[in-house]
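# Summary of the model geometry
The chain contents come next:
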Amino acid sequence: MDGPNLIYLDTKMSKYQILNRAKKTLSTELLALKELSKSFNNNFYKAVSLINKTKGRIIVTGIGKSAHIGKKFAATLTSTGTSSFFIHATEASHGDLGGIKKNDCIIGISNSGETSELGDIINFSKRFNIPLISISSNPKSSLHKNSTIGILYKKPIEACPLNLAPTSSTTICLVISD
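Nothing here was measured: the structure is a model prediction, and the numbers come from that model.

## A short note on the packing of aromatic side chains
A complete count under the given rule lists two aromatic pairs for this structure. Residues Phe 40 and Phe 44 carry aromatic rings whose centres are separated by 4.8 Å and whose planes lie at 70° to one another, so their mutual orientation is edge-to-face. Summarising the aromatic geometry, the rings of Phe 124 and Phe 128 are spaced 4.7 Å apart at their centres and angled 50° between planes, so their arrangement reads as tilted. On the basis of relative accessibility, which here comes to 39%, the residue Phe 128 falls in the partly exposed class.

## Examining the pairing of strand β4 (residues 132-136)
Burial within β4 is extensive, with five of its five residues counted as buried. Of the two faces of β4, the one carrying Leu 132, Ser 134 and Ser 136 and the one carrying Ile 133 and Ile 135 are both buried. As judged from the four bridges shared by strand β3 (residues 105-109) and β4, these two strands associate in the parallel manner. Of the residues in β4, the one forming a bridge with Ile 109 is Ile 135. Regarding topology, helix α5 (residues 119-127) serves as the crossover connection from β3 to the parallel β4, and that connection is right-handed.

## What about the packing of helix α1 (residues 15-36) against helix α7 (residues 168-177)?
Closest axis-to-axis distance for the α1/α7 pair is 9 Å, and the angle between their directions is 45°. By the angle class used here, α1 and α7 are oblique. For the pair α1 and α7, the crossing hand works out as right-handed. Facing Thr 28, Glu 29, Ala 32, Leu 33 and Leu 36 of α1, the residues of α7 in contact are Ser 168, Thr 171, Ile 172, Val 175 and Ile 176. Of the residues contributing to the contact of α1 with α7, the split by class is six nonpolar, three polar and one charged.

## Some thoughts on the pattern of salt bridges
If the charged atoms of two oppositely charged side chains come close together, the side chains can form a pair. With the rule as written, the count across this model stands at three salt bridges. Asp 178 is the salt-bridge partner of Lys 72, the closest N and O atoms lying 2.6 Å from each other. Taken together, the residues span a long stretch of sequence, with Lys 72 in helix α3 (residues 65-79) and Asp 178 in the segment after α7 at a distance of 106 residues. In this structure Lys 72 comes out as partly exposed when scored by relative accessible area, which is 34%.

## With respect to the sheet that holds β3
In space, the five strands of this open sheet follow the order β2-β1-β3-β4-β5, with parallel pairing throughout. The two strands at the open ends of the sheet, each matched to only one other strand, are β2 (84-88) and β5 (149-152). Each strand axis lies, on average, 20° off the axis of its neighbour in the sheet, ignoring direction. Here five bridges tie strand β1 (residues 58-62) to β2, and the two strands are oriented parallel to one another. Residue pairing for β2: Ile 58 is matched across the bridge by Ser 84.

Criteria and cut-off values
Residues numbered from 1 in each chain as written. Predicted model: local features only at pLDDT ≥ 70, side-chain atom pairs only at ≥ 80, totals over all residues. Heavy atoms only, no water. Phe/Tyr/Trp six-rings, centres within 6.5 Å; stacked < 30°, edge-to-face > 60°. Buried < 20%, exposed > 50% of the residue type's maximum accessible area, 1.4 Å probe, protein only. Helix = DSSP H or I, 4+ residues; strand = E, 2+ residues; numbered from the N terminus. Pairing = 2+ DSSP bridges. Right-handed = clockwise from strand over helix to strand, strands pointing away. Axes fitted to C-alpha atoms, helices over the stretch in contact; angles between N-to-C directions. Parallel < 35°, antiparallel > 145°, perpendicular 65-115°, else oblique. Left-handed = near helix turned anticlockwise from the far one by under 90°. Contact = heavy atoms within 4.5 Å. Nonpolar A, V, L, I, M, F, W, Y, C, P; charged D, E, K, R; others polar. Salt bridge = Lys/Arg side-chain N within 4 Å of Asp/Glu carboxyl O.

Honestly, it's all geometry; don't read function into it.
Next comes the structure, spelled out in structure tokens:
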């Protein structure tokens, strides 16, 4: 096997190299989290207030790793007594939009905010005047521009050696949702 994944599959790494990589991952993610306090601003307050005022359910959506964070977010809301569930952005386009009702609120999670699969949910939200909260790092994104309230965070450096695999960004979204 060759290619970029080889760095993760190197079984010849020493104990020192493995521990160093783990510490570098931690320091990279901690650095990203230090920037996060700037995201706890008026828009964050408005988003929490909107969630609290919602008479229906909180629908959380995302794709890829953001979907995993979204599932955890919906589960956390449910465990606190807030009626919530997760709709995968791809499945929304194939019938699951029917699960979203007039009094609901949608929360879309996407680091780039340009995930094409979120397009139908964004359009559905606008068409039926359903509030949409976005969590993203891109203020120019379709998701952010079309949201009722946008929570923005600074695009972090990912802990992945290639700065590709979502690591710091998913950690940030997990903390925001918590």
